[in-house]
Amino acid sequence: MPVKLAQIASWLQAEVLSGHALLEREVLLAHAADMMSDVLAFSHPGSLLLTGLANPQVVRTAEVAGIRAVVFVRGKRPSEAVTLLAQEFDLPLMTTAYSMFDACGLLFAQGLRGWSLPEGRA
Amino acid sequence: MTPPQDQEPELLHAFTIAANDFAGAGQVSIAVKNLLKEVGFSAQCLRRVAIVAFEAEMNVVMYGGGGGLSVYLAPALVRLVVEDQGPGIPDLDLAMQEGWSTATPEMREMGFGAGMGLPNIKRNSDRLEIHTSPGRGTKLVAEIILT
């Protein structure tokens, strides 16, 4: 189900850290991981990434894997250098106070899916 | 006329990968992706090449003590050659197994070191060769066929 980033930010009561002008962008499905190799191995292009990591490799992994936006969970906040790197790649970043589990649950309840369910791949 | 797949790939660019530069790790792979974007590949091919490059670059930064990544291009394929002068991989079969890892906590904190790097490289390559011996470094040659 395609969902606009503005809608995601609203559902997660998230603060947008970069890509304020890109909130009309849509994500098709979601992937949650703290291991970047897991993102590289299993995520699908066009996904939203939820993660508890906030280092430069998250932004580079997103760029390599075709991730459309990143949500940092449990109030994680990247350094300014990471935010600047994301701006360079036109990658929207946001942070939510919800835990990984709760953030995923809230998005799932609204209809967003991951790649391992048939409707996520549809 | 020689079919394109028989043409020897030509060197497009050679990058240097700095040792232990955890903050900068990954920038070579982004440069590789941008370089090939200009040549004009499908998004799917670009993604596979970038994933192979990224995982290999992380290995060189984390374990290899720095090294190099060269991109070769033929009409029908991309070849990545990634080399380091690090300690080598003592048991390659073990290293190819998903989940096997010798990563330090610092590597894991970056989101790497889950024992998925080499399996990820294999999954996204159409041909993969790894030459390694203890104390003499590692050379990885990965080819991705362009579709």
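Residues numbered from 1 in each chain as written. Chains lettered and ligands numbered in written order. Predicted model: local features only at pLDDT ≥ 70, side-chain atom pairs only at ≥ 80, totals over all residues. Heavy atoms only, no water.

### Some thoughts on the interface of chain A and chain B
Chain A puts 22 residues into the contact, and the matching count from chain B is 26 residues. In total, chain A and chain B occlude about 1800 Å² of area from one another, counting both sides; carbon and sulfur atoms represent 59% of this. Broken down residue by residue, the surface that chain A buries against chain B is led by Gln57, Arg60 and Val64 of chain A, which jointly contribute 34%. Run the count over chain A and chain B and you get zero salt bridges. Summed over the shared surface of chain A and chain B, the number is 11 residue pairs in polar contact (both at pLDDT 80 or more). (Contact = heavy atoms within 4.5 Å. Buried area = accessible area lost by both parts, 1.4 Å probe. Salt bridge = Lys/Arg side-chain N within 4 Å of Asp/Glu carboxyl O. Polar contact = N/O pair within 3.5 Å; in protein donor to acceptor, adjacent residues only side chain to side chain.)

### Looking at the packing of aromatic side chains
Counted according to the given criterion, the structure contains two aromatic pairs over all chains. Look at Phe42 of chain A and Trp115 of chain A: their rings are 5.9 Å apart centre to centre, the planes differ by 15 degrees, and that puts the pair in the stacked class. Of this pair, Phe42 of chain A sits in helix H2 (residues 36–42) while Trp115 of chain A sits in the loop between helix H5 (100–109) and helix H6 (118–121); the two residues are 73 residues apart in sequence, bridging distant segments of the chain. Residue class for Phe42 of chain A comes out partly exposed when judged on its relative accessible area of 27%. Here the aromatic rings of Phe54 of chain B and Phe112 of chain B are separated by 5.6 Å at their centres, their planes lie at 75 degrees, and the arrangement is edge-to-face. In this pair, Phe54 of chain B is assigned in helix H2 (residues 43–64) and Phe112 of chain B in the loop between helix H4 (105–109) and helix H5 (117–124), connecting sequence segments 58 residues apart. There is no split in this pair, since Phe54 of chain B and Phe112 of chain B are both buried. One residue, Arg113 of chain A, lies across the ring of Phe108 of chain A, its end atom 3.7 Å from the ring centre. (Phe/Tyr/Trp six-rings, centres within 6.5 Å; stacked < 30°, edge-to-face > 60°. Helix = DSSP H or I, 4+ residues; strand = E, 2+ residues; numbered from the N terminus. Buried < 20%, exposed > 50% of the residue type's maximum accessible area, 1.4 Å probe, protein only. Lys NZ or Arg CZ within 6 Å of the ring centre and 35° of its normal.)

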